[in-house]
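# Residue-level structure breakdown
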Amino acid sequence: MGSEIRMIPEEGSFRVFIGYDPREDEAYQVCRRSLLRRSTVPISVHPIRQSDLRSAGLYRRERGPTESTEFSFTRFLTPYLSGYRGWALFVDCDFLFMADPAALFALRDDRFAVMCVHHDYAPTETTKMDGAIQTVYPRKNWSSLVLYNCAHPKNVVALTPDAVSTQSGAFLHRFAWLDDADIGEIPFVWNFLVGHNRVDPADPGRTAPKAIHYTTGGPWFERYKDCEFADLWIKELEELNAEKKNEKAAIPNAGST
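First things first, this report covers the structure right here in the doc. (Residues numbered from 1 in each chain as written. Predicted model: local features only at pLDDT ≥ 70, side-chain atom pairs only at ≥ 80, totals over all residues. Heavy atoms only, no water.)

Next up on the list: the overall build of the chain. In terms of helices and strands, the chain carries 10 helices and 11 strands. Out of the 257 residues in the chain, the part that is buried amounts to 53%. Accessible surface, the chain as shown: approximately 11,900 Å² in total, 51% of it carbon and sulfur. (Helix = DSSP H or I, 4+ residues; strand = E, 2+ residues; numbered from the N terminus. Buried < 20%, exposed > 50% of the residue type's maximum accessible area, 1.4 Å probe, protein only. Areas by Shrake-Rupley, 256 points an atom, 1.4 Å probe, with all protein chains shown as cover.)

If you want it as structure tokens, here you go:
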């Protein structure tokens, strides 16, 4: 993986990195499909797998008790994996894109080092997903979907493999290497937190989710199988499985005349 994804050029497509956790492979597959299916511009999608990063010597930190996923910290390697060039999107695997991500990419502004939704989010639950500890801290969920200006000098200096392996969670998740003026804001509909954000019936055009974030847990976990917007995720999964089934069925006939 080190030689393959250490530096991923844009090559005419926009780079998207999705946090990967083996426990949530299904969520990753659905998130990936929702991006590719709805994008009207070329995109390349890459999982950030911790095991591969460790094998390549790019990540070495010990897993702490508050890390609910394997990509809790590896997400901050996005600029490095992009060769510190151009822009790239990082997104957690527990997202479902409902709108064209090209509209999100179009928000890029070179004045900023990163751009994200500026959530004011303080969960009341003590656990999330499959019993993982729920933590509360300033700028919570800001790092779950980020447009990175990978070449920004502050990102180049601060987000090295060594720093991501050693810096505190507070430093990384609160974007402490940046000044407030370096952090651009994007509309909340691109990181619509299930159970927190709400659609305004009087203004659905501006409040309906463009990217649904099942932040406390999605329908791939038994505990959250009936959560809000579960039907949309399940529909996406069913379509994905149908596509795989059709592809598998077509293979034996590929050489027939």
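Now, onward.
Spatially, 6 strands are ordered E2-E1-E3-E8-E5-E9 in an open sheet, and the strand pairing comes out mixed. Edge positions in the sheet fall to strand E2 (43-48) and strand E9 (183-185), since each has one partner strand and no second. Going across the sheet, the axis of each strand differs from the next one's by a mean of 25°, ignoring polarity. (Pairing = 2+ DSSP bridges. Axes fitted to C-alpha atoms, helices over the stretch in contact; angles between N-to-C directions.)

This part is about the side chain of Ser44. By secondary structure assignment, the location of Ser44 is in strand E2. For Ser44, a relative accessible area of 17% corresponds to the buried category. Here the side chain of Ser44 touches His46 through a polar contact of 3.0 Å, side chain to side chain. With residues up to four places along the chain from it excluded, the contact list for Ser44 reads Ser13, Phe14, Arg15 and Val16. (Polar contact = N/O pair within 3.5 Å; in protein donor to acceptor, adjacent residues only side chain to side chain. Contact = heavy atoms within 4.5 Å.)

A few words now on the sheet that holds strand E11 (residues 211-213). Read across the open sheet, the 3 strands follow the order E4-E11-E10; overall the sheet is mixed. Of all the strands in the sheet, just strand E4 (95-97) and strand E10 (192-193) have a single pairing partner and so form its edges. In this structure, E10 lies alongside E11, joined through 2 bridges in parallel fashion. Each residue of the ladder has a partner; that of Phe192, found in E11, is Ile212.

Counted by the stated rule, this structure contains 13 aromatic pairs. Look at Phe76 and Trp177: their rings are 6.2 Å apart centre to centre, the planes differ by 85°, and that puts the pair in the edge-to-face class. Here Phe76 is found in the loop between helix H3 (50-55) and helix H4 (78-81), whereas its partner Trp177 is found in the loop between helix H8 (169-173) and E9, with 101 residues between them in sequence. The pair formed by Phe76 and Trp177 is uniform in burial state, with each residue classed as buried. Considering the side-chain rings of Trp220 and Phe221, the 6.0 Å spacing of their centres and the 45° angle between planes classify their relative orientation as tilted. Both residues of the pair, Trp220 and Phe221, count as buried. Three or more aromatic residues joined by ring pairs make a cluster, and in this case those are Phe76, Phe171, Phe175 and Trp177. Above the plane of the ring of Tyr20 lies Arg49, whose end atom (NZ or CZ) is 4.6 Å from the centre. In this structure, Arg61 packs its charged tip against the face of Phe73, placed 3.8 Å from the ring centre. (Phe/Tyr/Trp six-rings, centres within 6.5 Å; stacked < 30°, edge-to-face > 60°. Lys NZ or Arg CZ within 6 Å of the ring centre and 35° of its normal.)

On to the environment of Gly169, then. Along the chain, Gly169 turns up in helix H8. For the pair Gly169 and Gly64, spaced 105 residues apart in sequence, the C-alpha separation works out to 9.9 Å. Residues within four places of Gly169 in sequence aside, it is in contact with Arg61, Phe73 and Arg174.

What follows concerns the environment of Arg139. Of note, Arg139 is situated in the loop between strand E7 (132-133) and strand E8 (145-149). You can call Arg139 partly exposed: its relative accessible area is 22%. A sequence separation of 20 residues divides Arg139 from His119, and the C-alpha atoms of the two residues are 6.6 Å apart. Discounting residues that sit within four places of it in the chain, Arg139 has contacts with His173, Arg174, Phe175, Asp180 and Ile183.

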